[in-house]
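Below, each chain spelled out in residue letters.
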Amino acid sequence: MKIMFIRPKPSSDTIGLQHLMIVEPLELEVLGSLVNSDDKVQIVDMILEKEPVEHFIRKFSPDVLCITGYITHIPVMVEYARTAKLIRFEIITIVGGVHVEKHPEDIDSQYIDYRIVRNATRSFPKLLEYLKFKAPFPEGVLKHGEKLDVSKLPKFDFYFPFPNRSLTDQYRKNYFYVFHDKVALMKTSFGCPYKCNFCYCRYITDDNYFARPLTDVIKELMEIKEKEIYIVDDDFLLSPKRVRSFIELLRKHQIKKRFLVYGRADFIIEHPEIIEEFQKEGLRTIIVGLESFKDSELDSFNKKTSQNINEEAMRILQRYGVDCYAAIITAPDWSYQDFKMVGDKIIELGLKFVNLQPLTPLKGVDFDVDDTELVIKRNDFPRWDLAHVSICPSQMSLNQYYRQILYLYDRITFNPKTILNFLFKYPLYMQFKLAIGMFKVRKQYLKMINETAYV
């Protein structure tokens, strides 16, 4: 059997963080590792390829086409499946991804044969056995037209085999995350025990949390060729005991890597000694969801942190030379003064990497708004990218809100201290790559400003 995995290219309507980061399709490498050795497997990364998808389908002529993606990829995934069926109707099409798992009705298409909705690492190989040998039909898979019945889904199973990274050999030199060049991805845990009401991550696993054994993690880490490692756990800095053990194992096995991880501000201030020790063993950057510099907003998000915690965490990271990529939520009730205050605070704290995310009520999260308050239709999937404004602003026009977001980005990016830091700290080729990416993202925001000029 010939099996092709495709990572889709985002729609032009999606404000594309791929201009600032392109990382390996880890989920496809994991599924690729589960295919029998007598089958032929190929991964096609359409973010990096120049030819249209039909070129690769015709060339490889797969028996099975597997496509994964997020909510923003729904129309592209359907179009890829349609293209495959038009080339050869007998091609079996399978789709998956976190949005498909939770809302498979959004991609129930005549061109898609099967949707993976639970435990892909268990159900996908069983689906292949079903296709090849008429084995029993697996749990956690829906056929075209079949509706999701949550009560019939199997329990969560977090089995995670080592990815087959050789399937992306031709692309690996192109994977990067901001200033982390030639970066490899690792997944060491699933879910998050915190209850932030805006977050989709905990919804994916229905509030279940599972951490892989560190011996397994270290074994996989030692097999990775890249020096830069991006640990994509929703929160790697969760258990002080586990992080300390991880640091000890790095020392024991003399592993010399540089790490990018997710962590909360409260962990940083409660365990500065761990940050210091981890930095000595390669911690380079922490992505921190600061979310807000107003306690009232943090309370409304159920974040369980405070403005003071956020500010102290940033000081600790600066003390130990750890970069922070900060996430800030822009609320729909922000005024011009709120945007100015946040910009002042970001500059005061010396933050240089900030992702501004308009508050977005994705389906399934704990807060919701009436559809009459939305400025993006629910089925306009490419724009549900956590960058488009989805809730109608209350203190200014939509056009002015987009202008304020872009102006805030400009204040951060063109701050003289930020520019000097970049010039002296990072290689010129990475600065050039990032500058091009920022220009492309800026173009997309200017497009939205033009589109909303008369709204």
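Small disclaimer: the values here were computed from a predicted structure and weren't measured.

Undergrad: Got a sec to walk through the overall build of the protein? Specific residues and values, please.
TA: In terms of regular secondary structure, the protein is built from 16 helices and 17 strands. For 455 residues, the compact-globule estimate of 2.2 N^0.38 gives 23 Å, and the protein sits close to it at 22 Å. The principal-axis extents of the C-alpha atoms in the protein amount to approximately 65 × 60 × 45 Å. The proportion of buried residues among the 455 residues of the protein is 57%. At a minimum sequence separation of 6, the contacts of the protein that also span at least 24 residues come to 76%. Taken as a whole, the protein presents about 20,600 Å² of accessible surface, with 53% of it coming from carbon and sulfur. Averaged over its 64 positive side-chain charges, the protein has a centre that lies 4 Å from the centre of its 62 negative ones.

Undergrad: Describe the packing of aromatic side chains, with residues and values.
TA: Evaluated as defined, the whole model comprises 30 aromatic pairs. An aromatic cluster is defined as three or more aromatic residues linked by ring pairs; in this entry it consists of Y177, F179, Y230, Y262, Y325, F353, F422 and Y426. One Lys or Arg, K2, reaches over the ring of F60 and ends 5.0 Å from the middle of that ring. The ring of F156 carries the charged tip of R118 above its face, separated from the ring centre by 3.8 Å.

Undergrad: Could you give an account of the layout of surface pockets, naming the residues involved and the relevant values?
TA: Unfilled space is identified by rolling a water-sized probe across the atoms. Roughly 450 Å³ of internal volume is contained in the second largest pocket. Lining the second largest pocket are 16 residues, and of these Q18, H19, I22, L48 and K440 lie nearest its centre. Considering every element that reaches the lining of the second largest pocket, the biggest residue donor is helix α16 (residues 428-451), with six residues. Of the residues that constitute the lining of the second largest pocket, the class distribution is seven nonpolar, four polar and five charged.

Undergrad: Explain the sheet that holds strand β2 (residues 21-22) residue by residue, including any values.
TA: Pairing within the open sheet is antiparallel, and its three strands lie in the order β2-β8-β9. Each edge of the open sheet carries a strand with a single partner, namely β2 and β9 (180-181). As judged from the two bridges shared by strand β8 (residues 176-177) and β9, these two strands associate in the antiparallel manner. Each residue of the ladder has a partner; that of F176, found in β9, is D181.

Undergrad: Tell me about the sheet that holds strand β13 (residues 228-231), residues and numbers included.
TA: Where strands meet in a sheet, backbone hydrogen bonds hold them as pairs that are either parallel or antiparallel. Here six strands make up an open sheet; going across it, the order is β10-β13-β14-β15-β16-β17 and the pairing parallel. Where the open sheet ends on each side, the last strands, each with one partner, are β10 (183-186) and β17 (353-358). Between one strand axis and the next, the sheet turns by 20° as a mean value, whatever way the strands run. In the packing of helix α12 (residues 307-319) onto the sheet, the strands contacted are β15 (283-291) and β16 (323-330), and the crossing angle to β15 comes to about 170°. Sheet contacts for helix α14 (residues 398-413): β16 and β17; angle to β17, the most-contacted strand, approximately 170°.

Undergrad: Residue-level account of the packing of α14 against α16, with values.
TA: Running from N to C, α14 and α16 cross one another at 160°; their axes reach a closest spacing of 9 Å. Classified by the angle between their axes, α14 and α16 sit roughly antiparallel to one another. Classified by chirality, the crossing of α16 by α14 is left-handed. Contact residues: α14 offers N399, Y402, R403, I405, L406, Y409, D410 and T413, while α16 offers M438, R442, Y445, L446, M448 and I449.

Undergrad: Can you explain the side chain of T285? Please cite residues and give values.
TA: Within the secondary structure layout, T285 lies in strand β15. Within polar-contact distance, the side chain of T285 engages the side chain of H180 at 2.9 Å.

Undergrad: Tell me about helix α13 (residues 336-348), and name the residues and values.
TA: Residues lying three or four places apart along an α-helix face the same way, a consequence of the helix completing one turn every 3.6 residues. Look at α13: 18 Å from first C-alpha to last across 13 residues, which is about the 18 Å you get at 1.5 Å a residue. Each element contacted by the buried residues of α13 is listed here: α12, β16, β17 and α14. In the stretch just after α13, G350 is the one whose phi turns positive, near 75°.

Calculation notes
- Within each chain, residues carry numbers counting from 1 in the order of the written sequence.
- Confidence filtering applies because this is a predicted model: local features only for residues at pLDDT of at least 70, side-chain atom pairs given and counted only at 80 or more, and all residues used for totals across whole chains, interfaces and linings.
- The basis for the side-chain values is all heavy atoms of the structure; hydrogens and waters are excluded.
- The numbering of helices and of strands both runs from the N terminus, where a helix is a DSSP run of H or I of at least 4 residues and a strand a run of E of at least 2.
- With the radius of gyration taken over C-alpha atoms, the globule rule is written as 2.2 Å times the number of residues to the power 0.38.
- A simple rule labels every residue: compare its accessible area, found with a 1.4 Å probe on the protein chains alone, to the largest value its type can have, and call it buried under 20%, exposed over 50%, or partly exposed in between.
- Here a residue-residue contact requires only that any non-hydrogen atoms of the pair lie within 4.5 Å.
- Method for areas: the Shrake-Rupley scheme with a 1.4 Å probe, in which residue coverage is limited to the protein chains shown.
- When charges are counted, Lys and Arg contribute as positive and Asp and Glu as negative, whereas His and the chain ends are disregarded.
- We put the charge of a Lys on NZ, of an Arg on CZ, of an Asp on CG and of a Glu on CD.
- Only the six-membered ring of Trp is used, alongside the rings of Phe and Tyr, when aromatic pairs are assigned; centres must lie within 6.5 Å, and planes under 30 degrees apart are stacked while those over 60 apart are edge-to-face, with the rest tilted.
- Remark: a charge is flagged as sitting over a ring if the NZ atom of Lys or the CZ atom of Arg is within 6 Å of the ring centre and within 35 degrees of the ring normal.
- Buriedness for pockets is judged along seven lines, at least five of which must meet protein on both sides within 12 Å for an open set on the 1 Å grid over protein atoms alone, while cavities are sets there where a 1.4 Å probe fits but cannot get out, and lining residues have an atom within 4 Å of a point.
- Grid points are joined across faces, edges and corners, and a volume is the space filled by probe spheres set on the points.
- Each residue receives one of three labels: charged for Asp, Glu, Lys and Arg, nonpolar for Ala, Val, Leu, Ile, Met, Phe, Trp, Tyr, Cys and Pro, and polar for the others, Gly being one of them.
- Strands pair, by our definition, only if DSSP identifies at least two bridges between them.
- Convention adopted: a line fitted to C-alpha atoms gives each axis, helices being fitted over their contacting stretch, and angles between N-to-C directions are expressed from 0 to 180 degrees.
- Any angle between 65 and 115 degrees counts as roughly perpendicular, while under 35 counts as roughly parallel, over 145 as roughly antiparallel, and the rest as oblique.
- Working rule for handedness: look at the near helix, and if it is turned counterclockwise from the far one by less than a right angle, call the crossing left-handed; if clockwise, right-handed.
- Pairing of N or O atoms within 3.5 Å defines a polar contact, subject to two protein rules: one partner must be a possible hydrogen donor and the other a possible acceptor, and residues neighboring in sequence count only if both atoms are side-chain atoms.
- Given the number of residues in a helix, its expected span is that number minus one, multiplied by 1.5 Å.

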